[in-house]
Amino acid sequence: MANRILPLELIDKAIGSPIWIIMRGSTEITGTLRGFDDFVNVVIDDAVEYSPDPRDPSRIVKTEIGGEILLNGNHVAVMVPGGKKEE
Amino acid sequence: RGGGGGGPKKESILELAKLTDAPVRVKCLGGRELKGKLRGYDELVNLVLDDCEEFLRDPEDQTKVTDKTRKLGLVVVRGTQVSLVSPEDGLEEIANPFIGEED
């Protein structure tokens, strides 16, 4: 089959496009990927945070952070180039 | 100093080359479980999974994983968060061998 895809190359190709980041806990972030570093700390533009409501963890709260954020790569678990499909 | 390291680069005990294009199951730190086709990897065990699905956890008990999944598509899994990678074909559930064990 085709040559294997390098994970960080796939992320690099996604710069400028929507991305969906799934963290180690229940938090997720979407937005436009502006860049990342060796530790996969990530800069996201027009960021939107999805996290469980502390008072009702079965509900997800969507917070439009807007602007550019620096997301610490420590708890980044999964990255989905292309962003999240809205239901 | 004891321990390994300082030897030839790119040596891994996990032969991901063999699993390329195969369906794999990946468990993450924190309890997430994923499955997908392994399309790529690097020496830090960052992975590229195609047609990836995440197993959803029981809303009442987040430590229990259900059969329900959500589709993610082509994803990158961070090697720092990976706790297990195994071929899907190689998995078979057996009776708990530890029950009733003394000591």
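Details of the structure are given in the entry above.
Residues numbered from 1 in each chain as written. Chains lettered and ligands numbered in written order. Predicted model: local features only at pLDDT ≥ 70, side-chain atom pairs only at ≥ 80, totals over all residues. Heavy atoms only, no water.

Engineer: When you look at the pattern of salt bridges in this model, what are you seeing that I'm missing?
Structural biologist: Oppositely charged side chains may form a pair once their charged atoms are brought near each other. This structure, assessed with the given rule, holds 13 salt bridges over all chains. As a salt-bridge pair, Glu28 of chain A and Lys84 of chain A come within 3.1 Å of each other at their nearest N and O atoms. Taken together, the positions of Glu28 of chain A in strand β2 (residues 28-36) and Lys84 of chain A in the segment after β6 (76-81) put the pair 56 residues apart, joining distant regions of the chain. Relative accessible area serves as the criterion here: at 25%, Lys84 of chain A is assigned to the partly exposed category. Through salt bridges with shared partners, one network takes in Glu28 and Lys84 of chain A together with Arg32, Glu54 and Arg70 of chain B. (Salt bridge = Lys/Arg side-chain N within 4 Å of Asp/Glu carboxyl O. Helix = DSSP H or I, 4+ residues; strand = E, 2+ residues; numbered from the N terminus. Buried < 20%, exposed > 50% of the residue type's maximum accessible area, 1.4 Å probe, protein only.)

Engineer: How should I be thinking about the environment of Val42 of chain A in this particular structure?
Structural biologist: All names here are of chain A. Mapped onto the secondary structure, Val42 falls in strand β3 (residues 42-53). Overall, the relative accessible area of 0% leaves Val42 in the buried class. Distance from Val42 to Gly25, taken between C-alpha atoms, is 17 Å for residues 17 residues apart in sequence. Here Val42 is in contact with Ile21, Leu33, Gly35, Phe36, Ile69, Leu70 and Leu71, once residues within four sequence places are set aside. (Contact = heavy atoms within 4.5 Å.)

Engineer: What exactly am I supposed to notice about the pairing of β2 of chain A here?
Structural biologist: Look at any regular strand and the pattern is simple: side chains alternate between the two faces of the sheet. Residue and element names in this part refer to chain A. Counting buried residues in β2 gives seven out of nine residues, a clear majority hidden from the surface. Sheet topology note: the strand β1 (residues 18-23)/β2 ladder contains five bridges and is antiparallel. Bridge pairing in β2 places Ile21 opposite Ile29. Between β1 and the antiparallel strand that follows it, β2, lie four residues. Summarising the sheet, β2 and β3 pair through seven bridges and their orientation is antiparallel. Among the inter-strand pairings, Thr32 is bridged to a residue of β3, identified as Asp45. The turn joining β2 and β3, which pair antiparallel and follow one another in sequence, is formed by five residues; a positive phi near 60° is taken by Val40. (Pairing = 2+ DSSP bridges.)

Engineer: What exactly am I supposed to notice about the state of the cysteines here?
Structural biologist: The term disulfide refers to a covalent linkage connecting the sulfur atoms of a pair of cysteines. By the definition in use, this model includes zero disulfides over all chains. With no disulfide partner, Cys28 of chain B has as its closest neighbouring cysteine sulfur the one in Cys52 of chain B, 8.7 Å distant. (Disulfide = S-S within 2.5 Å.)

Engineer: I tried to follow the interface of chain B and chain A on my own but got confused; where do I start?
Structural biologist: One frequent convention defines the size of an interface as the accessible area lost when the parts assemble. Contacts between the two partners involve 25 residues from chain B, matched on the other side by 27 residues from chain A. Summing the contributions of chain B and of chain A, the shared interface buries around 2,100 Å²; its carbon and sulfur component is 56%. Of all residues in chain B, Arg32, Val76 and Arg78 of chain B bury the most surface against chain A, accounting for 29% of the area lost on that side. If you look at where chain B meets chain A, you find one salt bridge. A salt bridge links Glu28 of chain A to Arg70 of chain B; the shortest N-O distance between them is 2.8 Å. Where the side of chain B that touches chain A is concerned, the elements lending two or more residues are β2 (33-41), β3 (47-57) and β4 (65-77) of chain B. Examining the composition of the side of chain B that touches chain A, we find that seven residues originate from one element, β4 of chain B, more than from any other. Per-class residue counts for the side of chain B that touches chain A are ten nonpolar, six polar and nine charged. Across two bridges, the pairing between β6 of chain A and β4 of chain B is antiparallel. For Met79 of chain A, the partnering residue across the bridge sits in β4 of chain B and is Val76 of chain B. (Buried area = accessible area lost by both parts, 1.4 Å probe. Nonpolar A, V, L, I, M, F, W, Y, C, P; charged D, E, K, R; others polar.)

By themselves, these observations are geometric and do not establish any function.
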